[in-house]
Structures are given as C-alpha cells and as structure tokens.
Amino acid sequence: MRIVCPFCGERELGEFTYLGDAKPMRPEAGASEDEVFDYVYLRDNAAGQTSEHWYHGGGCRAWLKVTRNTLTHEISAVEPAAGVGARQVAK
Amino acid sequence: MTSSQSHRLTSGGLIDRSVPLNFRFDGKAFSGFQGDTLASALIANGVKLVGRSFKYHRPRGILTAGSEEPNALVELRTGARREPNTKATTAELYDGLEAASQNRWPSLRHDVMSVNQLFAPIFVAGFYYKTFMWPAKFWEAIYEPAIRRAAGLGRASGIADPDHYDKAWAHCDVLIAGSGPAGLAAALAAGRAGARVILCEEDFVPGGRLLSDGGTIDGVPAAEWLSRTLAELADMPDVRIMTRTALFGVYDGGTYGAIERVNDHLPSPPQHQVRQRLWRIVAKRCVVAAGAIERPIVFAGNDTPGVMMASAMRTYVARYAATPAKRLALFTNNEDGWRTVETALGAGLQIAAVIDARSEVSPAHRSLASKGGFPVLHGSVRGVDGGKDGVRKIAVSLTGGARAEVEADGLAVSGGWNPAVGLTSYHRGRPKWQNDISAFVPDGAPPGMVAAGAANGDFGLGACLSQGFAAGAAAARDTGHSGTVGIAPAADDEAFSLTPLWHVAGKGKAFVDYQHDVTASDIELAQREGFESVEHLKRYTTLGMATDQGKTSNVAGLAIMAAVSGRSIPETGTTIYRPPYVPVAIGAFAGHHRDETFHATRLTPSHHWAAEQGAIFVDTGLWKRAQWYPRAGEKDWLESVTREVKAVRGGVGFCDVSTLGKIDVHGPDAGAFLDRVYINTFSSLAVGKARYGLMLREDGIVYDDGTTSRLAEDHYFLTTTTAKAGLVMQHLEFCRQVLFPELDVQLTSVSDQWAQFSIAGPKTRDLLREIVDPAEDLSNEGFPFMGAREVALRGGLRARLFRISFSGEMAFEISVPARFGDAMARNLMLAGAPFGVTPYGTEALGVMRVEKGHIAGPELSGTTTAADLGLGKMMSTKKDYIGRVMAGREALVAPDRQVVVGIKPTDKARRLRSGAHIIPKGQTPGPGNDQGYVTSVCFSPTSDQWIGLALVERGRERIGEIVHGHDPLRGEDYDVELCNPVFYDPDGGRQRG
Ligand SMILES: [Zn+2]
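Engineer: I would appreciate a short explanation of the side chain of His265 of chain B in the present structure.
Structural biologist: Residue and element names in this part refer to chain B. One can find His265 in the loop between β14 (255-260) and β15 (276-288). In this structure His265 comes out as buried when scored by relative accessible area, which is 18%. Polar contacts involving the side chain of His265 include one to the main-chain carbonyl oxygen of Val262, which spans 3.5 Å. With residues up to four places along the chain from it excluded, the contact list for His265 reads Glu92, Tyr94 and Arg244.

This is the structure in structure tokens:
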C-alpha cells in the first residue's frame, strides 16, 4: 500500500501510522458526557468510502486525512488533516 | 564412482556436457551436467522413484518440470542448510549437491509405512475429524503426535540457518511476470518505447516454453529469435531481466512481492552474499505472462512413477536431453499433447501408442502415427500396471467398450492447460470459465495489471507474441513512454482442439491432489457428506492445501465435484486465490531482522563510557541502558544496587536519563496548548520553573507523565517517559494539527539532541559547582526546587539545568548537547571524585523511586486514572483538556477503585515479587475476593527490607490494614501491611533542601 503525502509525495505504507476513523469531531468544551462518549467510542463500520487519520511519522510528521475504500483499498484523496478533528475551530 | 547417465541423449538439449556435476541422492552417487535440475539429472540416470506420498506412502515419481510439482519433493543439502520439501524440478544441479527423499523409513524402496495403503479406508476425506474424536484428551497426547510422525513430509534442520537473507525495493514502469514468448514480447515493446522494465522469471534460463517447444518466430527457429531478443533487451539500459525470481504476490498500490533465489544454485552462498532476496517491486503497470499449467487426467494408478505430464516429458527430452521413458505412451484429450510424440520421435524414442480421448485426430497426426508405426487408440486409460520401478502396462478402455493393453515404461498425460490465474486473482478476483479451452481465465485484474498470452487463455505461439507485445506497448504508453515499438514478432498458432475429460472411472486409487493424497473418491465422499461448496471441499479433503497450492489439482477437483453434484464447472466455482504463488521462506520475509539486528539498537550518549565501567545493560525498548555498575567483590546485583542507592542517599551519584522523550514546545500559544493536553495548568507556570504534568487519553485513563519546564515566555521543554517518547510526540502532533490548529505552536522532538543526566544526593551542589560556571547561583534561593534554566558550564558550554528529583534527594538534571554526553559522564566522575561520586543504573533509579512512592510504567498500566495514582487533585476544574469528560464517568470515579498504596511484608525478612494478588486477610484466594495486585517492588536499603507499591481496592482508606499476598505462579503466600506509598522522606525536606 502506498500513500501520496501532500507534502512528501508517494511513500510506502511503512512510513505511516494508522489512527482510525477521521469522521468523529472532538466536541467543544462543555459538551455532555454522552456527546464525548460518542466521539471517543462510536464508529461507523463502513463498507466503502471512509476517511481515516494517518500519521506520516517516517516523513514530514503531518497528520493526514486519507479517503479510502474499505472494499477495494483504493485511496482516492489524501489531504492535510489540519483542523478536521475539531467540531469548531476556535478563532 | 558415478552411474552412467543411462537415460541421457548423446546430443541436444540446453545442458553443458563439458561441465559434469557429481551429486548424491539418498546417499547414492550420480552425475549430471551444468544446466540440469535435480529432477532432470535423476531422470537422466534412470531414477523413477523419488518419494513416498503423504498419507498412503505410495511410491511417487516426477510429474512435472516446474514449480507446480506435487510429488518430487526432497530434502536438499545437509546439516544446518538442510531444506525440506524442495522441488527437485526447480532445484538447480550443482557439483556436490546432496538430496534425500522424504516420508519414507527405513528407505525409499522399502518403506514400512506403505502399509498405510492397507488401511486406506480410514484415511478418506475428513479422516482427522472422524477417526480421532474420542476421547478428547487422546488427541494431543497420542493421535496428533502419531499422525504428525507418520504423515510429515520433510524434516527441518533444527539448527539455526547460517545464511543471510536480504530485502530490497525496486521501482519500474512496467513489471512483467514470465519470460516466455508473451513476456519477452511485452518486454521488447515496453523497452523499445522507453519504459523502465523489470521482467521476473522463476526459471534460471529465460524463454519459458520456447526452451522446450521451439517453433518458428519471424521466420527463424525459436532458439535464434530468443537469443536475438535477449541480446536486444540486454542492450536496453532500462530493462532488467531477473531470473531465478518468482513473482509471488500482488499488494495494494501496485506493490508486488518477488523472491529471488540468488544463491540456491550453489552449495552455499559466496562470502558476504545472501541466499535469497525478497523484492518489493513498485510498478505502475504489470503484464502477467506467467503462462499456463498442464493438468493431469484423473485415472486409477495415475500416480505410478513414470506417469508424467506430456509437456514435462518433452521438456526433459528437448531441454535436458534426458529420457523419462524409452517406450512411451501418450494419453491426451487435446492436440497439444501430440507435440510430445513429435519430440519423442525426433529424439529417437519409441512410441507405444497414443490414447486420444477425442473422436477425431487430425490427418497430420494420423500420418505421423502410421509413419512412426504406433496405434492411435480412441478411448481412455482406466488403469496402470506398475509400481516403484515404474509403468509396465497401461489398461485402455476403447470408445465403444472394448479394452486394450499397451506395454510402455512411461505414460505422458495431457488433460489440457490451465492459465496461471493466481496473480490476477489475488485481490479476490474470480476467474471466469472459457468453454473452448475448458479452463478458467482471468476476469479482470488488480488495478494496473493485465494478463497476456497463455496466462490469458490464448495458448498459440502467435497469439502469445502479439498479445504480449500489445500489452507491453500499452503499458509503456500508459506510463508516458511513446518511443517507436516497431512490429510485433509473428508466429503461427498451433491447433488446440480439446474435448474435456477430467476423470476416468476405474478400479484403484485415482489421484487428484498428489501431494495431499486426495483421490477422486474423496471428492465424491465429500459431496455425499454435504461438503459441496468448493471452500468446504478444500478444507474437508485438504485438496489444494499443500505446498503446491493445488496448481495441478484444483480445477480437476472442482470439475469432479461439478460432475457428481450435477452442476456445471462455472456454477461450482473456484476457491479464493491467495499468495504466495510459490513457497517463500520465513527467513526471506525476516531478512536481516534477526538476532542482534532484529531491531535497531539505541545507545545512550554515555554508553561507551558506561561499558568501560563494566556496566550491566538492560534492554528497554530499543535502548540499552546501564542497569547497575558491579564492583569487584560484589556477590550479586542486589549488593551493587544497594551500594549505589546508599551512595546517592549519603553522598552523590549520577545516572544517564537521556532515554526520556524530550520535546521543545515553541510559540505564543505554547502554554495554552499544554493546558489542553495536560490535566494540570502550564500557562501559569513561571519562566524558569518546572512542573510535573500528567496526560490522559481521551477516554480518561492516564497516558503519560513527565516534567515540563518553561525556559522562556514562548518556549517550554517537555519530557515524556522512555517508553512513550515516540507515541507522545505523535499524540501531541495530532492535538496540534487536527484538534487545535488555531493555536500558534510548534513541536520539535529533541530526544536525540540532548544528553541528560540526573545528579542526586546531598553533595549534588558540591559536585555541580565544579562543573558549572562559578557565576551561576546554585544556592537554594538562587536555584530553588523545581527551578529550570539555561546555565553556562566551566569552559563556556551552555547547558539546561533542572532542579527536579525522582529519587527524593536534593537533585538536579543537567542537559548538554548529545555530542558532549560522553564527556559529561567522564567530567562528572573526575569532578565528583573528591565527593565519592557513584554512577548508578536503572535498578537503583527504580529502588529510589519506589522508596519515594513515585509512579512509573507498572502503575501507568493503561487501566489507571489520575485519582487511582493519587494525583486526582492535579485535575484542573477550570479548563478543558484531553480526557476530562470521560475521566468523570461513574465507573472511573467509583469509590471502590484499585488505587496505589504502599506495601511492606509483616515478616521483615520476606522478599516481595510483583504480580502477587492482594486478598483480604483470612480469606481463601479466588477471583471473587481479588482486590488488586503488587505493581512494583524493591529491596529498600533505606528501610532495610523489601517494600512495594500495589493497586488495591480502596487502598488509601485502608492504611495499616494487614492483607494477604497470594502468588500462585510462584507458590508464595504471605501477609503485607498497606502503608503510605511514600516510604522515604514523606514531607520532602531532602529534595527541597
Ligand atoms: Zn509527508
């Protein structure tokens, strides 16, 4: 498997670390226990397109949002993950 | 000394008669020639019996001439290099080769276990499940060992492999699997277009079937075209032909696995060379020109030595000038099988008869028969009379019901050809059925891959050349190479005309899977018992599960299943194809990751100095850390460690703590950032101060701890535990980039940049004054407890100095650039000599932290909360931070949680060990009253007894209570008293003094 890092170019799987589903967004301060519980534990188990967090630890140390198809393993997009994990990015 | 090569033709073949090679098989001396395989050399010496079968110990001969071989498996080499289950058909002959047959005792010709044939009824499909069911405990004790002894094939050497294996990467535009006509044509086109090409060929000579079948290409003999083509390819700098290299797997993103048998053709690899190399090849396009595999027809006695695939028979005659039979018969259901007759006649061999299952035979072949003086029998082979010495007679059922007998010493069989669909099917591809060749062909392929020629179901030489050429040209074009490719090589297509025939009913065992001894009746039995799905069939009968992966057996097996279950073959379907295409040694996957190079080794900056001191090192992750420094006369580690602890507590000592993770945090929002990742507050930390911090995971459990100092308004220096150094960096980057991108903060890992030493003990200041520039104020007022700042050393070097203490003593940690770490250790020894400075290792460090009640790895176990560790008060209520909400969950704040508490044995002489369970006193230990466990222990020189830390239910409310330590693993039971975890200087006066 190979991932095209937007900063480093195409690199081999061994340079990256998988974290998990990139869909859940961290609730704002003051969120209820239920909301945070969902964020921490509840995941879709999608057969098809998913977005995932990958870390380019063997390269530029960027966290990436990788759009991948769990049925074909095809990677259709790789973007910097800046801010995608926050429900609301503070100013 | 050697036998005569009685079955070698006097001329012809691709062997070098000027290079004779001596070898031994089962101890007997033989000779062959350069260019032989072990199989061809055995054939040239008239050897027909090469092994015993897996279950029934039936005599077996050589069936094929390639990597699909199910029978001729041998132990190659001796001693530590002995390699079991090696195919004689792919093992290149070398001078001095030694091989032994397998699965026989005491000898190949007189095998005691062949009595298994008499018990054949119990070895039917599913026999493991049926026969050895009861009593259950007999399975492990009796049945399984007995079966393994009886049914095992080769023996592993049992000695460490003395050879090296390598792993390498390669990149190309166009990867080609196979160097037959299709593969070479693809390489020509892609190479001429300018693409970077890698062509992998598992054989040691390129050419594929051209080497055995010849033909005419572009008006010249195939051999001439082959050498011309190889010369042209050799002149192309971007075309690389890798022989002895089998492409075995396809992975995501155009990554392919290949195994190169670099030095398997030599007795042992030359010095500094590897035996095998595992390639990971990244290719934009891949042309699979892996050819096809001829398939057997299933009939009684089809495993008799001397029964051989027709294409293999002519390979041995044409390529190796070795004659498997003097008088042979052919059993075929297609036109291609007849080529063996042509080759045999050309070599002067006798043809006993051709048994053709089809109703029509071409006029050309009819006249060949009359010219050669042999009969063409329309019908099929129903039995073979023969044994370990080979075929004697062949029983034939003629169309119409009559019977005939043919006397022959060899039987060539052709049931048609199966395209090698493995590579195209490894991504769950299901091949489709093609009626005209009665075979499965690729139905699509992984992205970027295409099959050409015989691998695509087009067997004709002309089709192979034109398809391969077109595929190579297209692949080059797709990868941006548009050079002129010229015209495709041209040749005629041979007739194939096949009438499917899978199984001839008859008396006696008819084998489908030779290597696993699966017969036609096993498949019928599986169907009767309901194992009709091909995946069930495979697992119930073990069809196709041997090392050959069913290359010669799978399609025949499911054709028989289709027939008995009344379905068509495509309805019956295929099992899922999985790599590897050929067996790959685990050693090749490991490569150099074994023994001392299993993983990288990290050395602390003072490692070499510590080694000079005779330090004992301990592995902590990748690190080697000094564990203690033994001195002459000390009888054990405990004596050394106790001395080190006393020296620190009574004077001064130092310890390399560079393995801690170190991260520089810069930026105007650095403080705000740290507030969000630690449970306590750092934005309020004064410049020049350090503070202990605790991080949680988002689920509320403690993640890591460490000391963080503020060196400037916008600069913090954060430390992590040794174990979590990399993970904390990754976690903080996640927080910074993904969760809090609005914060202006940067993280820099500086773990490797700073050598850090802990200097501890009441004389620490005295020692430091010898090291630090006298202008620096180290007094308690000038550098108070938890102070942190940059200082100048004598000589001008800048260092970071932190007044922090893990030992509970007056202590500093000093950081210098890593390249000065070695010098710093030596300087500390020199400058500290007047004060009796003592280097101490991780053991003494651990003893002092337990004495001081500090938590470490055993308590940061991934199950404990801040409150469990006695650090609940650090959790700020004024800010949001990672893990805050989840840490408040009911179960994580329950009053009966197991919390850290001190323990000491009531018997002062008793040794403690980690892992013992804590049980209420007077109760019988059991899961119902298990209240926790001992996490850390040490012999405390300060308390003069063993002490420990434990996680105990409501532990902090039970100080003073006597509980029971229960250690069933070591068979120990004793009483301990729960106590304050801070055994040493509980009010902290020493570290602040
Ligand atoms: Zn990158």
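Engineer: Quick question: what am I supposed to make of the coordination of the zinc ion here?
Structural biologist: Geometry reference: four tetrahedral donors at a metal, ideal angle 109.5 degrees. Six octahedral donors, ideal angles 90 or 180 degrees. Residues and elements named next belong to chain A. Distances from the zinc ion to its protein donors, namely Cys5 (SG), Cys8 (SG), His56 (ND1) and Cys60 (SG), fall within the range 2.0 to 2.3 Å. With four donor atoms in place around the zinc ion and angles of 102 to 116° between them, the coordination shape is tetrahedral. Linear spacing of the donor residues for the zinc ion on their chain is C-x2-C-x47-H-x3-C. With a gap of 48 residues between them, Cys8 in the loop between β1 (2-5) and β2 (9-12) and His56 in the loop between β4 (49-55) and β5 (63-69) connect regions that are remote in the sequence. What makes Cys8 partly exposed here is its relative accessible area of 26%.

Engineer: Mind showing me how you'd approach the sheet that holds strand β42 (residues 811-817) of chain B here?
Structural biologist: Adjacent strands of a sheet form backbone hydrogen bonds with each other and so pair up, either parallel or antiparallel. Residue and element names in this part refer to chain B. On the basis of which strands lie adjacent, the open sheet formed by six strands has the order β40-β41-β42-β39-β33-β43 and mixed pairing. Taken across any chain shown, the strands that pair with only one partner, and hence form the sheet edges, are β40 (788-792) and β43 (838-839). Taken together, the three bridges between strand β41 (residues 798-802) and β42 define a ladder with antiparallel strand orientation. Across the sheet, residue Arg800 finds its bridge partner in β42, namely Ser815. The sheet contacts of helix α22 (residues 821-832) involve β33 (653-656), β39 (754-760), β42 and β43, and relative to β39 the element is tilted by about 20°.

Engineer: Teacher, can you tell me more about a nonpolar patch on the surface here?
Structural biologist: Residues and elements named next belong to chain A. Where nonpolar side chains cluster on the molecular surface, the patch consists of Phe37, Tyr41 and Leu42 and spans about 280 Å² of accessible area. For Tyr41, the location among the structural elements is in helix α1 (residues 33-41). Residue classification places Tyr41 among the partly exposed residues on the basis of a relative accessible area of 37%.

Engineer: What should I look at first to understand the packing of helix α21 (residues 764-771) of chain B against α22 of chain B in this one?
Structural biologist: Packed helices, taken two at a time, are described by the angle their axes make and the gap between the axes. Residues and elements named next belong to chain B. Between α21 and α22, whose axes approach to 9 Å, the crossing angle comes to 115°. At the point where α21 passes α22, the crossing takes the right-handed sense. Of the residues in α22, those touching α21 at Leu767, Glu770 and Ile771 are Met824, Asn827, Leu828, Ala831 and Gly832. Looking at the contact of α21 with α22 residue by residue, the class counts come to five nonpolar, two polar and one charged.

Engineer: Help me understand the pairing of strand β8 (residues 165-177) of chain B, please; the structure alone is not making it clear to me.
Structural biologist: Regular strands place side chains that alternate from one sheet face to the opposite one. Residues and elements named next belong to chain B. Most of β8 is tucked away, with ten of its 13 residues classed as buried. Of the pairings in the sheet, the one linking β8 to β15 comprises twelve bridges and is parallel in character. Note that in β15 the partner of Trp169 across the bridge is Arg280. Alignment of β8 against strand β9 (residues 197-200), held across four bridges, turns out to be parallel.

Engineer: When you look at the state of the cysteines in this model, what are you seeing that I'm missing?
Structural biologist: Formally, a disulfide is one covalent bond, and it connects the sulfur atom of one cysteine to the sulfur atom of another. With the rule as written, the count across this model stands at zero disulfides over all chains. Here Cys172 of chain B is not disulfide-linked; the sulfur of Cys200 of chain B is the nearest cysteine sulfur, at 8.1 Å. Taking the relative accessible area as the measure of exposure, Cys172 of chain B reaches 3% and is therefore buried. We note that Cys735 of chain B lacks a disulfide partner, and the nearest cysteine sulfur, in Cys60 of chain A, lies 18 Å from it. The class of Cys735 of chain B is buried, set by a relative accessible area of 0%.

About the cut-offs
- Residues numbered from 1 in each chain as written.
- Chains lettered and ligands numbered in written order.
- Predicted model: local features only at pLDDT ≥ 70, side-chain atom pairs only at ≥ 80, totals over all residues.
- Heavy atoms only, no water.
- Helix = DSSP H or I, 4+ residues; strand = E, 2+ residues; numbered from the N terminus.
- Buried < 20%, exposed > 50% of the residue type's maximum accessible area, 1.4 Å probe, protein only.
- Polar contact = N/O pair within 3.5 Å; in protein donor to acceptor, adjacent residues only side chain to side chain.
- Contact = heavy atoms within 4.5 Å.
- Donors = N, O, S within 2.8 Å, 3.2 Å for Na, K, Ca; no water.
- Tetrahedral: all angles 85-135°; square planar, octahedral: opposite > 155°, others 65-115°.
- Pairing = 2+ DSSP bridges.
- Axes fitted to C-alpha atoms, helices over the stretch in contact; angles between N-to-C directions.
- Patch = residues over 30% accessible without salt bridge, like charges linked within 9 Å, V, L, I, M, F, W, Y side chains within 5 Å.
- Areas by Shrake-Rupley, 256 points an atom, 1.4 Å probe, with all protein chains shown as cover.
- Salt bridge = Lys/Arg side-chain N within 4 Å of Asp/Glu carboxyl O.
- Left-handed = near helix turned anticlockwise from the far one by under 90°.
- Nonpolar A, V, L, I, M, F, W, Y, C, P; charged D, E, K, R; others polar.
- Disulfide = S-S within 2.5 Å.

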